[in-house]
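Spelled out from the first residue to the last, the chains are:
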Amino acid sequence: DKAWELFCKKAFRFELGGKCPAELQGMSNKIVRKCKGLPLAIVAIGGLLSTKSKTVFEWQKVNQNLNLELQRNAHLTSLTKILSLSYDNLPYYLKPCLLYLGIYLEDYSINHKSLTWQWIAEGFVKSDGRRTIEQVADEYLSELIYRSLIQVSSIGFEGKVKNCQVHDLLHEVIVRKMEDLSFCHFLYEGDDESATLGTIRRLSIDTSSNKVLKSTNNAHIRAIHAF
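What counts, and at which threshold
- Residues numbered from 1 in each chain as written.
- Predicted model: local features only at pLDDT ≥ 70, side-chain atom pairs only at ≥ 80, totals over all residues.
- Heavy atoms only, no water.
- Helix = DSSP H or I, 4+ residues; strand = E, 2+ residues; numbered from the N terminus.
- Buried < 20%, exposed > 50% of the residue type's maximum accessible area, 1.4 Å probe, protein only.
- Areas by Shrake-Rupley, 256 points an atom, 1.4 Å probe, with all protein chains shown as cover.
- Salt bridge = Lys/Arg side-chain N within 4 Å of Asp/Glu carboxyl O.
- Pairing = 2+ DSSP bridges.
- Axes fitted to C-alpha atoms, helices over the stretch in contact; angles between N-to-C directions.
- Core = buried A, V, L, I, M, F, W, Y, C linked by side-chain atoms within 4.5 Å.
- Contact = heavy atoms within 4.5 Å.
- Parallel < 35°, antiparallel > 145°, perpendicular 65-115°, else oblique.
- Left-handed = near helix turned anticlockwise from the far one by under 90°.
- Nonpolar A, V, L, I, M, F, W, Y, C, P; charged D, E, K, R; others polar.

Peer 1: Just to check I follow, could you spell out the overall build of the chain for this structure?
Peer 2: Looking only at helices and strands, one finds ten helices and six strands in the chain. Across the 227 residues that make up the chain, the buried fraction comes to 43%. Summed over all atoms, the accessible surface of the chain reaches about 12,300 Å², with 52% contributed by carbon and sulfur.

Structure, rendered in structure tokens:
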């Protein structure tokens, strides 16, 4: 309710008395849900929509092109800069762990055990001699949760994290960082598979095509994730 109230205050501050018109309620709800209660995101996107004409078509366009808008719109670039700062200010050992989450699809529920074992397999986690490597990996996950960079999506019977995920907007920032650092290459349905150039260490495949790897001739790949 508070998220909705904040959104309406920002999106309709110059007209309609801060109230959402009936025809925009469905689309507005979708956009607010995408913000997942993050006030910074609600304020930024509400501010952007306050400058748009109040039509379903216009708002649908913003919703569909939100990823593109994050890169080019002045209202949202400050949001991506702030989220980027969250990454830039991480201790060195947590940076690759956070980047690794971008390999998963948006809104993907990531199993805690699978994730920490993958971090260990990649060599991101080092034992400190006092704790097992699994305990250190769990500590890394806890640190990212405490920093609000990972959201807990489900808890197991014993009260420990079972599944987690990344906020959609932070996911966009992580994916951009991954591409800048050549951390992972993404292949989507309909992509030209032969376009995978350069040294690729990790491949994230979001396609049902079974031809992807046939035309990917890269001896440097060390991990493949297929969704």
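Peer 1: I would appreciate a short explanation of the pattern of salt bridges in the present structure.
Peer 2: Where side chains of opposite charge bring their charged atoms close, a pairing between them can arise. All told, the structure shown has seven salt bridges when counted by the stated rule. Between Lys 9 and Glu 5 there is a salt bridge; the shortest N-O distance is 3.8 Å. Of the two residues, Lys 9 and Glu 5 both sit in helix α1 (residues 2-11), four residues apart, roughly one turn of that helix. Judged by relative accessible area, which is 53%, Lys 9 ranks as exposed. Glu 5 gets classed as partly exposed once you look at its relative accessible area, which sits at 37%. Note that Arg 131 and Asp 128 form a salt bridge whose closest N and O atoms lie 2.8 Å from each other. Look at Arg 131 and you get partly exposed, because its relative accessible area is 29%. Shared partners join several salt bridges into a network, and the residues in it are Lys 2, Glu 5 and Lys 9.

Peer 1: I would appreciate a short explanation of the sheet that holds strand β6 (residues 223-226) in the present structure.
Peer 2: Either a parallel or an antiparallel arrangement is found when strands of a sheet pair, and the pairing is made through backbone hydrogen bonds. In space, the three strands of this open sheet follow the order β4-β5-β6, with parallel pairing throughout. Here the strands that pair on one side only, and so sit at the sheet edges, are β4 (185-188) and β6. Across the sheet, the mean angle separating the axes of adjacent strands is 15° when strand polarity is ignored. Here strand β5 (residues 202-206) pairs with β6 via four bridges, running parallel. Residue pairing across strands places Ile 205 opposite Ala 226, the latter belonging to β6.

Peer 1: How should I be thinking about the sheet that holds strand β2 (residues 151-155) in this particular structure?
Peer 2: As summarised here, the arrangement of the three strands in space is β1-β3-β2, forming an open sheet in which the pairing is antiparallel. Edge positions in the sheet fall to β1 (110-111) and β2, since each has one partner strand and no second. One ladder, built from four bridges, connects β2 with strand β3 (residues 161-165); its direction is antiparallel. Each bridged residue has a counterpart across the sheet, and for Val 152 the counterpart in β3 is Cys 164.

Peer 1: What is the right way to look at the nonpolar core in this model?
Peer 2: In a soluble, globular protein the nonpolar side chains are often hidden away together inside. Core analysis: the biggest nonpolar cluster contains 54 residues, and Phe 7, Trp 59, Leu 115, Trp 119 and Leu 144 have the highest contact counts within it. Setting aside chain neighbours within four positions, we find Leu 144 in contact with Leu 90, Leu 94, Cys 97, Leu 98, Trp 119, Leu 149 and Ile 150.

Peer 1: I would appreciate a short explanation of the packing of helix α8 (residues 112-122) against helix α9 (residues 133-146) in the present structure.
Peer 2: Packed helix pairs are specified by the crossing angle of their axes together with the interaxial distance, meaning the distance between the axes. It is the contact of α8 with α9, at a shortest axis distance of 10 Å, that shows an interaxial angle of 115°. For the element pair α8 / α9, the angle class is roughly perpendicular. In this structure, the crossing between α8 and α9 has a hand that is right-handed. Residue-level contacts link His 112, Lys 113, Leu 115, Thr 116, Trp 117, Trp 119 and Ile 120 of α8 to Ile 133, Glu 134, Ala 137, Asp 138, Tyr 140, Leu 141 and Leu 144 of α9. Class assignment for the residues of the contact of α8 with α9 results in nine nonpolar, two polar and three charged.

Peer 1: I'm lost on unusual backbone geometry in this one. Help?
Peer 2: Most peptide bonds take the trans form, and the phi angle of most residues other than glycine is negative. The phi dihedral of Asp 107 falls on the positive side, at around 70°, and the residue is not glycine. Assignment of secondary structure puts Asp 107 in the loop between α7 (95-100) and β1. Overall, the relative accessible area of 41% leaves Asp 107 in the partly exposed class. Although it is not a glycine, Ser 182 adopts a positive phi angle of roughly 55°. Within the secondary structure, Ser 182 is located in the loop between α10 (168-180) and β4. Take Ser 182: its relative accessible area is 47%, and that puts it in the partly exposed class.

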